[in-house]
Amino acid sequence: MNAVITAALPVFALILTGWLAARWKVLGLGATDALNRYVVYLSLPALLFRAMTQVDLTHMAHWSFVGAFAGGIAITFLVSFLPRKSMPRAMTDRSIEGLAASYANAGYMGIPLCLALFGAESLAPATFTTLLTASVLFGFAIALIEFDRQQTPNAMATLGKVGRALTRNPLLAAPVLGLAWASTGLALPEGLDRYVALLGASASPCALVTIGLFLAQTERAAAGPGVLRLVLGKLLLQPAATAVLAFYVFSMPPLWAWTAVLMSALPIGTGPFMLANMYGRDAGVTSRAILISTVASVLTVSLLVAWISAHPIS
């Protein structure tokens, strides 16, 4: 219970702060977009860049961790993506649904939660999950959609478009640049290090408040069978599949295994909602799934945090 209070409660309290700020009109209608852009383009990239510049490259490559986390994503994505006779859907819609069921809120919610529960040692695996989610999974979904949208699919043209989109994604570019700097063996100049530290320190609270602002805008949406299927896949199936892979199939340090499970148990991030809007699809299902999964995660994530705290990490 102490772990829930000290680690999970502050995270959900910041989300509640954003929700109340929206309901009480403390922040204007444009605050959600402005604060979201601040987090995506400035503070979170600074946090990820600095974290990667400080990693020990000889001890951070845990391919078992990648296999466990990516495996949980793949299983959950396929369950929602595969066509159903009772509800035939275009590949574009099924791609967005598969993304929604497996797209963890890693950057906004996962990194703050891992730092609160596990400390700075969890930042490297938590950043890996952000990369896998925001770049690999997101890029894969975009590729499927682009192939579906073309009557005569051109693999090279699609790959080029996906590649350009990913290189412009600051959540991918920042940690990659940080790893490139770490490979030189040089420390960041003191002034630059202090700058990115100050900028990155605002990432966690701003990101969590942004979630609350977003939820306040979608709270009146109703749930349906499709929404509940996505929520159950995200909050139950994905962490269960990841836990089996992390503890019974692959071998990795306990901290990395628990980080993989915790990050996979997070609610749905805003990526699927943005993708649905980008391609002109109905974003109602994804927005409702984000809302319900975030509210339900207050219980599910708190229970998982309590379970993790009862087991040795080191």
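Every value quoted in this text rests on a predicted model; they were computed, and no experiment measured them.

Thresholds applied
Residues numbered from 1 in each chain as written. Predicted model: local features only at pLDDT ≥ 70, side-chain atom pairs only at ≥ 80, totals over all residues. Heavy atoms only, no water. Helix = DSSP H or I, 4+ residues; strand = E, 2+ residues; numbered from the N terminus. Buried < 20%, exposed > 50% of the residue type's maximum accessible area, 1.4 Å probe, protein only. Contact = heavy atoms within 4.5 Å. Areas by Shrake-Rupley, 256 points an atom, 1.4 Å probe, with all protein chains shown as cover. Patch = residues over 30% accessible without salt bridge, like charges linked within 9 Å, V, L, I, M, F, W, Y side chains within 5 Å. Salt bridge = Lys/Arg side-chain N within 4 Å of Asp/Glu carboxyl O. Axes fitted to C-alpha atoms, helices over the stretch in contact; angles between N-to-C directions. Left-handed = near helix turned anticlockwise from the far one by under 90°.

(A) Representation of the overall build of the protein. From N to C terminus, the protein includes 14 helices and zero strands. In the protein, the order of α-helices and β-strands from amino to carboxyl end is α-α-α-α-α-α-α-α-α-α-α-α-α-α. Looking at the 314 residues of the protein, the share that counts as buried comes to 52%. Counting only contacts in the protein whose residues sit at least 6 apart along the sequence, the fraction spanning at least 24 positions is 84%. Entry remark: accessible area of the protein is about 14600 Å², with carbon and sulfur atoms responsible for 68%.

(B) Structural detail: a nonpolar patch on the surface. A surface patch of nonpolar side chains, amounting to about 440 Å² of accessible area, comprises Val244, Phe247, Tyr248 and Val249. Locating Tyr248 in the fold gives a position in helix 11 (residues 225–249).

(C) Inspection of the packing of helix 3 (residues 63–81) against helix 6 (residues 123–149) at higher detail. Put simply, helix 3 and helix 6 touch, their axes get as near as 11 Å, and they point 35 degrees apart. The handedness of the crossing between helix 3 and helix 6 comes out as right-handed. Within the contact between the two elements, helix 3 uses Phe65, Val66, Phe69, Ile73, Phe77 and Phe81 and helix 6 uses Pro125, Phe128, Thr129, Leu132, Thr133, Leu137, Phe140 and Leu144.

(D) Here's a closer look at the side chain of Ser102. With respect to the helices and strands, the residue Ser102 is situated in helix 4 (residues 91–102). If we skip the residues at most four places from it in the chain, Ser102 touches Ile73, Thr76, Phe77, Leu137, Lys234 and Gln238.

(E) Region of interest: unusual backbone geometry. Phi is positive for Lys25, close to 60 degrees, though the residue is something other than glycine. With respect to the secondary-structure elements, Lys25 resides in the loop between helix 1 (2–23) and helix 2 (31–53).

(F) Representation of helix 12 (residues 254–264) within the structure. Across the eleven residues of helix 12, ten count as buried, placing the element largely inside the fold. Here helix 12 has its buried residues at Leu255, Trp256, Ala257, Trp258, Thr259, Ala260, Val261, Leu262, Met263 and Ser264.

(G) Here's a closer look at the pattern of salt bridges. Evaluation of the coordinates by the stated rule reveals one salt bridge. For Asp193, the salt bridge goes to Arg50, with nearest N and O atoms at 2.9 Å. With Asp193 in helix 9 (residues 190–201) and Arg50 in helix 2, this pair connects stretches of sequence that are 143 residues apart.

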